Amino acid sequence: MFHVPPNFVRFTVIISIQIVILAFGYGFLAVVAYFEYLAPSDSVCELMRSHPGELTMVVTLMATVLSVTAATLFTLSVKEALRHRMWKPISLIHLSTGVALAQGSHILKHRYIGLTILTLFIFGMLRLLTAGWTTLLTPTYFMWPVELNGTELDITGSAFAALLREEFLANGLTDIQDNAFEIIDIGGLLSGVVAAGFSFGLPGTFNFNGAKYNVSTQGVVPTIEAFSGSDGVPNANGIRLGFSGGNVTVNTGVVPGSYSNAPIPQGFSTNYSMSQQGLTANVGCRAIDSNETQYLWDTNNSYVIYTNAAASSSNSITGLRLWNISANCGSNTSTTYEYVTMVDANGNTSSSGSGFLPSVVCPEPMNMNQTYTNFTIFTQGFYKYGFLQASVCEVVPLLTTPENAELLSFIASVARFQSINSQGLTSSTIGDTLYSIYSSTAIGSINNNLNDTRVYLELEDYWRGVVEFSATFLRSGFMATGSFPNNEIPNNLSSQVTGTMFISTIGWTRWPKNSPTYLLATIPLTIITILTLFCALYSILEAWKEHQDRLKEDQERAKLQAFAGHRRTHRRAHFDVSNTLHLIMVCAAGDLVLEDFSRHGIKENEVAMVSLYESEPGVKPSRKRFVSEPAVVSPVLGYIRFLLGLI
């Protein structure tokens, strides 16, 4: 008949609880590794963020309970294993080592360096249990990435070129320049000013259609609903080239299967990193050299068209001068722009209070049959803007292909509109931009300490910002609600949009390959669990052996009918080897004789061999005592014997 060893239930409970704790630790790691990102519900996350102190207390409390439980189970298993081991001869130094482990402590004996390292190692593992559990269970703030994709308007292909040509022909390109371009006057100006100033350390943020842009638009329209701009619905005349603001069509969503199996939280905040089709330009500005005869720039054709000497007393306009600014745009084609500036009654302009900065865009985008890949801007400053000599800027949009004649025509038209309308009666916004940015970021006056390189860098950034904004305006107009049937951009007009949404939340993330912090945190728990199982299984095996020995003794007792004179193997469980009082009692009850406290005596006592003896059942009072055994000559041999005895 199968016999259950004494205390088998206790050992089973110890093993079961320790395995459950270990399984919880590794199971938690497995769940986080499987989901990659794990966060509680949004309400719980908000509670964690609102009460960080309470969160730390709860996590620390849980970690402490788990670590104390694991440590307690370990010490119980060591007590039971050592109690069974003491029925066999054991040296006092090994006994004190076992007692230290049963008490969760360590020994420091330089003569027994092996035992010292062993106890220090286990002692350290016990102390690291709380730190390990705290590392595992503490939630941290992280960015949850979610892949996105979608479509937007493709302004670089032949399909959009054909659509833009239809819009030009339907409205008339001249009419578009004269009327609808006024809508982008402020936006283009802001984009140019911000782009010019940012390179020199000035703030670079501006708004257009409800969307905020940093430095410049880069020719894009936000494809995320929360950042796409205005919610207003434009009227029938407020879309495409007549765009005056309103909601734009957004077609971006989460890529199926690109995120973890855990539900995506709403999070505390959301950031996006999108890869979209943009538009920018390489712009190079420089002074026109006297030897460059191909650049014919004429600013000498001007005359007074209005005078009123009496107006000087009433601060009204005293006179107006008409300027015919012309440039040779190639093939002996002369392009002329007209400007009007304010003068005094004698036809003179104040050199300090007034400024004139005319520009001419070549080639003139009036002929729909033109095909070109870049355009040129001539400009020169007078009076207050006299620091800018006759200059030429070559603008090369980076998305230019032979299919983009209409797109470049539009961009050049925007540049023409900006160059003409930026000049007022007494000043130019382009000139004021160059003047103010230079004066606020350079040392010394622009008139006395001029750095041509800085001025031309400002001018290049300004026109680059205008070009990029023109593409943003074009996309916004053709992506506006109502621009296409059912607000769906046709496939032949679509380009792919990809990106990542980063959700700020709190929870747990899978550890990176180069930093397995979570795995390192489980090492103390794993080691303590292995030692606990080893000690518990050793106790079960020894208890089974004791039971077999008792059966043999009972058989011999039945034959011999003699019970006295030999040692019984019946064991009692109430002896606690970690209890100092119990140890004193067994020492006092036996015939153990030890040396004194001298250095030699302590060495002799450490190698003294003892074993635990218990009186026969039925004998009153029941006693346990130490019995002296033959000493072990070598401490190393004794250490080996200690380990072999456990095995």
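Before any of the text, the structure's been laid out above.
Residues numbered from 1 in each chain as written. Predicted model: local features only at pLDDT ≥ 70, side-chain atom pairs only at ≥ 80, totals over all residues. Heavy atoms only, no water.

Trainee: What is the right way to read a nonpolar patch on the surface from this model?
Mentor: A contiguous nonpolar surface patch, about 480 Å² in accessible area, is contributed by Tyr303, Ile305, Tyr306, Ile317, Val340 and Leu425. Ranked by residues supplied to the nonpolar patch, first place goes to strand β9 (residues 297–307) with 3 residues. Structurally, the position occupied by Tyr303 is in strand β9. On the accessibility criterion, Tyr303 (41% relative accessible area) is partly exposed. (Patch = residues over 30% accessible without salt bridge, like charges linked within 9 Å, V, L, I, M, F, W, Y side chains within 5 Å. Areas by Shrake-Rupley, 256 points an atom, 1.4 Å probe, with all protein chains shown as cover. Salt bridge = Lys/Arg side-chain N within 4 Å of Asp/Glu carboxyl O. Helix = DSSP H or I, 4+ residues; strand = E, 2+ residues; numbered from the N terminus. Buried < 20%, exposed > 50% of the residue type's maximum accessible area, 1.4 Å probe, protein only.)

Trainee: Looking at this structure, I do not really get the sheet that holds β9. What am I missing?
Mentor: The pairing of strands in a sheet happens through backbone hydrogen bonds and is either parallel or antiparallel. Pairing is antiparallel in the open sheet, where 3 strands are placed in the order β9-β10-β11. The open sheet has two edge strands, β9 and β11 (334–342), and neither has a second partner. Ignoring which end each strand starts from, the neighbouring axes of this sheet average 20° apart. (Pairing = 2+ DSSP bridges. Axes fitted to C-alpha atoms, helices over the stretch in contact; angles between N-to-C directions.)

Trainee: What is the right way to read helix α11 (residues 452–479) from this model?
Mentor: The periodicity of an α-helix, 3.6 residues per turn, causes residues three or four places apart in sequence to face the same way. In a regular helix each residue adds 1.5 Å, so 28 residues correspond to 40 Å; α11 covers 41 Å between its end C-alpha atoms and thus fits that length. The element α11 is extensively covered by neighbouring structure, given that 23 of its 28 residues are classed as buried. (Expected span 1.5 Å × (residues − 1).)

Trainee: Hey, could you run me through the packing of helix α3 (residues 52–85) against helix α4 (residues 92–102) in this one?
Mentor: Two numbers describe a pair of packed helices, the interaxial angle and the distance between the axes. Taken N-terminus to C-terminus, the directions of α3 and α4 make an angle of 155°; their axes are 8 Å apart at the nearest point. As summarised for this structure, α3 and α4 are arranged roughly antiparallel, according to the angle between their axes. Within the contact between the two elements, α3 uses Phe74, Thr75, Val78, Lys79 and Leu82 and α4 uses Leu95, Gly98, Val99, Leu101 and Ala102. Among the residues making up the contact of α3 with α4, the classes are represented as 7 nonpolar, 2 polar and 1 charged. (Parallel < 35°, antiparallel > 145°, perpendicular 65-115°, else oblique. Contact = heavy atoms within 4.5 Å. Nonpolar A, V, L, I, M, F, W, Y, C, P; charged D, E, K, R; others polar.)

Trainee: I'm lost on the environment of Leu493 in this one. Help?
Mentor: Structurally, the position occupied by Leu493 is in the loop between α11 and β17 (494–509). A relative accessible area of 6% means that Leu493 is categorised as buried. Between the C-alpha atoms of Leu493 and Thr151, which are 342 residues apart in sequence, the distance is 9.4 Å. For Leu493, the residues in contact, after removing those within four places along its chain, are Glu152, Leu153, Asp154, Ala159, Phe160, Leu163 and Phe484.

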